[in-house]
Amino acid sequence: MSFPGEDMAVLNRKLTRDLWHVRGQALAIAAVIACGVAIVIMTYGAMTSLTKTRDAYYERYRFAQVFSHLRRAPLRLIREISAVPGVEKADARITHYAAIDLSGTGRPAAAYLVSLPDGNEPELNRIVLRAGRLPERDRNELVMSENMARALGYTPGQKLNVLLGGRKQLFTVSGIALSPEFVYVLAPGQLMPDDKAFGILWLRRSLMEAAYDMNGAFNDVSLTLSPGASEPQVRRRIDLLLARFGGTAAYGRDDQTSHAYISQELDQLRTIATVIPPIFLGVAAFLIHMVLSRLIETEREAIGLFKAFGYSNWEVASHYLKFSLLITAAGMLAGMIAGAWLGGWMTGLYQDYFRFPFLDYQPDFPVFAATLFISLAAAVAGTATAALAAARLEPAVAMRPPAPAVYRQSLIDRSKLMRRLSVPGQMIVRHLERWPMRALLTGSGIAMAVMLLVTLFFFFDAIDELVDSFYFRLNHQDAVIGLVEQRAERGRFEIARLPGARAVERSIEVPARISHGSLSQRIGITGLDQGTKFRTFQDANGHPLTLPQRGLLLSDKLANLLALKPGDKALTEVLEGDRRVTQVPVFAITTEHVGLAAYMDRASLAKLTGEPGAVTSFQVALDPNALPRFLAKLKEIPAVATVSTRAQSITALRETMAKSMTIVIDFYIGLGAIIAFGVVYNAARVSLSERGRELASLRVMGFTGVEVGYILIGELAVLVIAALPFGAVLGFGLAGVMSRAMETKLFRIPFIVEPSTYGVGMTIALLSASASALLVGFRISRLDLIAVLKTRE
C-alpha cells in the first residue's frame, strides 16, 4: 500500500533526474526566459524610477508649469499675472542668449543667460548647487550649469568671458548647478546636446538689467497652477495680458524643450518593453514544448507503468507541468535578479545623461507580478499539449513502443536532386520531410532571433539616415550663426567679409500659432530667401520641392498634427511685430525627421510681421582650411549669440548616441544572440536524443564521426539557412512597427534598413548557431555506442 505523499515523492525524484538529464537544454530555455523577464523589469524599472525621480525633482525645486517669453514688460505686471484665476505663483526674470569666450579653445561657445534675484533664490525653477555658492552682490560672478562645467573642466573660482550686452566682461564662476528647467540642455537648431559649446549661466539680476536695459522690467515669466486649474484657459489669459508687450504665446510643459525630450525617452523605453519581451517568451514556450514533447515520447513506457500502478491522469500531467514550471521559475528568478540590477544600471545611465541631482531607483513590483504571471502563462502554454498527451495515454498503449513511421517514396525522393546527394544528404532531406512541423517550429525560432537582431541593428541605420538627411541632403551650410536679437539684413556683408566665408544666406524665425479647425500648434516659421542654396526640400517620394513665393511649406509631421494637405488654408497668427492673423495657403508638404517646421518666403513673412529686412540668423558656406580663423573672428562680433558648425553638431550627436542608445542596443543584441543559441542547441539536443540509436548504428556500420555529425548538424544548418531570409523579412516588418511606435513630435525614426544590417544580423545568428552546433558535435563524438545500442526502442 502506498500513500499519496510517497507517490508524489517518487514522481519528484523522477523529476529531479529528468531535469539533470536535460540540464543543458533546461539552462538554455531558462536563459531565454531570463532575457525576456530581465528586459521587462529593466526597462519598466528604469522608466518608473526615472519618472518618479523627475517628478520628485520637479516638485522639490518648483519647476514651473506654464512659460512665456516677451520683449519687455514692467515688473508691476506680475501682480496682474498673479491675479489671473488658476495661477498659483508667478516669477518674472530676464533671459538672453550670449556668446562666451573660452580661453584655450578655438571653437565658439554660447550660453542661455538666466537672471537670479539679488541675494535670493528664485521662487520657481530653483537651482541645485552642486559646488560653490550663489553669486554675491557687487561682484562679477555667475553660476554655470553642471553639464557645461564638466565638459569644459570648470570649477568654482575659474574665470570666464561673457559677451554681455555687446561688451565682453570677465566673470568668476562662483558655483556649479542644476535646474529642473534644464535637465536636457539643447542649443537652438541642434538635434543633440553639445555641452562643450552650449550651457546655462545664472547671473545676478542687477547685472542683466544694466546690460540689456531691463531696469524694473522682465522678458520671461514662469507660472505654477492652482490644483484643478485649466492650463489652456490660463495660457489664453496670459497671452492677452502680454500681447502688448511682445508676448510670444504661453506654453506648457509639453512644449518645454527639456521636459519634452525626457518624456520622449520614457515613451521609447515603454515601447521597447512592450514589443521585445513577448518575442523571448514566445520562443521560450516553443522550446519548452519541444523538449517536453521529446521527453514524453521517450518515457511512454514509464508513463504506462505509473498509470498501471494507480497514478491518476492529473498526477502524470502535473508531473510534466512541474518540469516546465521549474525551468520557468529558474529563468524568472535569474531574470528578476538580473533585471533589477540592470534596471539600476540603466537608470544610472540616464541619470548621467539627463543630469538629475539625485536618483530614486525602485524596482516596479507590480511589473514583477505581471511578468511572473505572463512567464508562467507562457510556460503553461508550451506545456499544455504535451502534458495532456501524456495524461491521455492508456497504460497498455503506453507500454508498447509507438508504431513505426510509414516511409513511402515522395516526389522529393524520386527527384533528380536526391540522386545527386550523398547518403548522409539524403538522410537529412528525408528527416526534414517526415517531421515538417518540428522543422517549421525550429526554423521559426531561428527566424525570430534574426528578426530581433535585424530590428535592433536597424536603429543604427536610422541614426545614419537621420544625420545624412538633416546635415547633408536638406541642409548644405557649414555653419549657422544665431544673433542676439533681430538685426538688419545688411549684417550679411559683415559676415561675408570674414576669412573663409564663401557664401552667406540670411533667415528669420518668427514665433507663430498655426491652426486648422480645432487643431493648433505653436511653432516657429522660418523665413528663407527665394533660390536658397543652403536649404532643400523633398516630398515623401524624394522629389525636390521649391520654396513658394506665397504660402506655407510644412513638415509632414506638422501637417499630420493639423490635418492639413496642399491647397488647404491654415489660420496663421504671428506672435510678434504687428501680430497679424491671416489665412495662409499650404503650398506643399516636405518630409523631415526632426521637430515640427514651417517655411515661408522671407519677404512674405516680413509682410505678416511688419518688419521688413529683419534677420535672426545667417547660414554660411566655409573654406574648411579657414575654419579656425573664421571662428576666432566671430568671437569679436558682439551681435553673435550662438554658432554651430556641421562637424561640431555631428560629433555631438554621435557622442550622445554612444553614451545612451548604442550601449542599450548592444545589450539587446547580446540577448538576440542568446535566442539563436537556445533554439539551435535545443533542436540539436532533441534530435540527438531521438536519433542516438540510429547514429550509433551508422558508426558501427562504418560511417566516420564526421559523417555522423554531418547528418545531425547538416539538418540544423539547412534549417538555419532556410530561416535566415524569413527572419530578415520579419525584421524588416518589426523595424517598421518600431519606427512608427517610437515616433514623437521631436523625432521620427527614419524607416530604412541597409543590406549590411541583414548581413550583420544573419552573421550573429550563424555564429550563435555554430557555437551550439560545436557543443552538440562534441556530444556526438563522445557517444557510447554500446550503451546507446542497448537502449530499447
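Worth saying up front: this structure is predicted, and the values here are computed from it rather than measured.

Conventions we followed
- Residue positions are given per chain, counted from 1 along the sequence in the order it is written.
- Note on the predicted model: pLDDT of at least 70 is required for a residue's local features to be given, and 80 or more for side-chain atom pairs to be given and counted; whole-chain, interface and lining totals, by contrast, use all residues.
- For the side-chain quantities, the full set of heavy atoms in the structure was used; hydrogens and water were omitted.
- Secondary structure elements are taken from DSSP: a helix is a run of H or I of four residues or more, a strand is a run of E of two residues or more, and numbering for both begins at the N terminus.
- Exposure is judged per residue with a 1.4 Å probe applied to protein chains only, and the accessible area is read against the type maximum: over 50% gives exposed, under 20% gives buried, and values in between give partly exposed.
- Note on contacts: a residue pair is in contact if any heavy atoms of the two residues lie within 4.5 Å.
- We define a salt bridge as a side-chain nitrogen of Lys or Arg found within 4 Å of a carboxyl oxygen belonging to Asp or Glu.
- Two strands qualify as a pair provided DSSP detects at least 2 bridges between them.
- Helix axes are fitted to C-alpha atoms over the stretch in contact, other axes to C-alpha atoms as well, and angles between N-to-C directions run from 0 to 180 degrees.
- For this classification, under 35 degrees means roughly parallel, over 145 means roughly antiparallel, 65 to 115 means roughly perpendicular, and everything else is oblique.
- In this scheme the crossing of two helices becomes right-handed for a clockwise turn of the near helix relative to the far one and left-handed for an anticlockwise turn of less than a right angle.
- Residues are grouped as follows: Ala, Val, Leu, Ile, Met, Phe, Trp, Tyr, Cys and Pro are nonpolar; Asp, Glu, Lys and Arg are charged; every other residue, Gly included, is polar.
- Put simply, a nonpolar core is a bunch of buried Ala, Val, Leu, Ile, Met, Phe, Trp, Tyr and Cys residues held in one set by side-chain atoms that sit within 4.5 Å of each other.

J.: Hey, could you run me through the overall build of the protein chain in this one?
T.: Assigned secondary structure in the protein chain consists of 24 helices and 22 strands. Expressed as a percentage of the 793 residues in the protein chain, the buried residues total 54%. Expressed as a percentage of contacts within the protein chain between residues at least 6 apart in sequence, the contacts between residues at least 24 apart total 82%.

J.: For this particular structure, what's the right way to read the pattern of salt bridges?
T.: A side chain with one charge may pair with a side chain of the opposite charge, provided their charged atoms come close. All chains considered together, the criterion is met by 23 salt bridges. Note that arginine 150 is salt-bridged to glutamate 146, the shortest N-O span being 3.7 Å. Taken as a pair, arginine 150 and glutamate 146 lie in helix H4 (residues 146-152) at a separation of four residues, close to a single helical turn. For glutamate 146, a relative accessible area of 6% corresponds to the buried category. Residue arginine 513 pairs with aspartate 239 through a salt bridge whose shortest N-O separation is 3.2 Å. Here arginine 513, found in strand E13 (residues 501-516), pairs with aspartate 239, found in helix H6 (residues 231-242); they are 274 residues apart in sequence, far enough to count as distant. What makes arginine 513 partly exposed here is its relative accessible area of 21%.

J.: Could you clarify how one ought to interpret the pairing of strand E8 (residues 167-178) in this entry?
T.: Each regular strand displays side chains that alternate between the two surfaces of the sheet. With respect to burial, E8 is a largely interior element, nine of its twelve residues being buried. In this structure, strand E5 (residues 128-132) lies alongside E8, joined through four bridges in antiparallel fashion. Paired with glycine 132 across the bridge in E8 is glycine 175. Examined bridge by bridge, strand E6 (residues 141-145) and E8 share five bridges and lie parallel to one another. Bridge pairing in E8 links valine 143 to glycine 175. In this sheet, E8 lies alongside strand E7 (residues 159-164) in antiparallel orientation, the contact comprising six bridges. Of the residues in E8, the one forming a bridge with lysine 159 is threonine 172. What sits between E7 and E8 in their antiparallel hairpin is a turn of two residues, with glycine 165 showing a positive phi close to 60°.

J.: Can you help me understand the packing of helix H2 (residues 23-60) against helix H7 (residues 257-275) in this one?
T.: When two helices pack together, their arrangement is given by the angle between their axes and by how far apart the axes lie. The contact between H2 and H7 brings their axes to 8 Å, and the two run at 160°. One finds that H2 runs roughly antiparallel with respect to H7. Like other packed secondary-structure pairs, H2 and H7 cross with a definite hand, here left-handed. Facing H2, whose interface residues are Val40, Thr43, Tyr44, Met47, Leu50, Thr51, Arg54 and Tyr58, H7 presents His259, Ile262, Ser263, Leu266, Leu269, Arg270, Ile272, Ala273 and Thr274. Its residues assigned to classes, the contact of H2 with H7 comprises ten nonpolar, five polar and two charged.

J.: Even after reading the chapter, I still don't get the packing of H2 against helix H10 (residues 313-354), so can you show me in this structure?
T.: It is the contact of H2 with H10, at a shortest axis distance of 6 Å, that shows an interaxial angle of 35°. In this structure, H2 meets H10 at a crossing whose hand is right-handed. For the contact of H2 with H10, a count of residues per class yields 20 nonpolar, eight polar and no charged.

J.: I tried to follow the environment of valine 66 on my own but got confused; where do I start?
T.: Along the chain, valine 66 turns up in strand E1 (residues 66-74). On the accessibility criterion, valine 66 (1% relative accessible area) is buried. In this structure, the C-alpha to C-alpha distance between valine 66 and aspartate 254, residues 188 residues apart in sequence, is 9.6 Å. Leave out the neighbours within four places in its chain, and valine 66 touches Val221, Ser222, Leu223, Leu225, Glu231, Arg235, Ala250 and Tyr251.

J.: Where do I start with helix H5 (residues 205-212) in this structure?
T.: Residues Arg205, Leu207, Met208, Glu209 and Tyr212 constitute the buried set of H5. Note on H5: the residue one or two positions beyond its end, aspartate 213, has a positive phi of about 55°.

J.: I would appreciate a short explanation of the nonpolar core in the present structure.
T.: Note on soluble globular proteins: their nonpolar side chains tend to be buried together. In this structure, Tyr57, Phe354, Tyr668 and Ile675 are the most contacted members of the largest nonpolar core, which totals 94 residues. Looking at this core element by element, the count peaks at 17 residues for helix H15 (residues 436-473). The residues touching phenylalanine 354, leaving out its near neighbours within four places in the chain, are Val183, Tyr184, Tyr261, Ile262 and Glu265.

J.: Just checking my understanding: could you explain the pairing of strand E10 (residues 217-225) for this structure?
T.: Burial analysis of E10 places nine of its nine residues in the buried class, which makes it a mostly covered element. Two elements, E1 and E10, share six bridges in a ladder whose sense is antiparallel. Counterpart to alanine 73 in the pairing with E10 is phenylalanine 218. As judged from the six bridges shared by strand E2 (residues 87-93) and E10, these two strands associate in the antiparallel manner. For alanine 90, the partnering residue across the bridge sits in E10 and is leucine 223.

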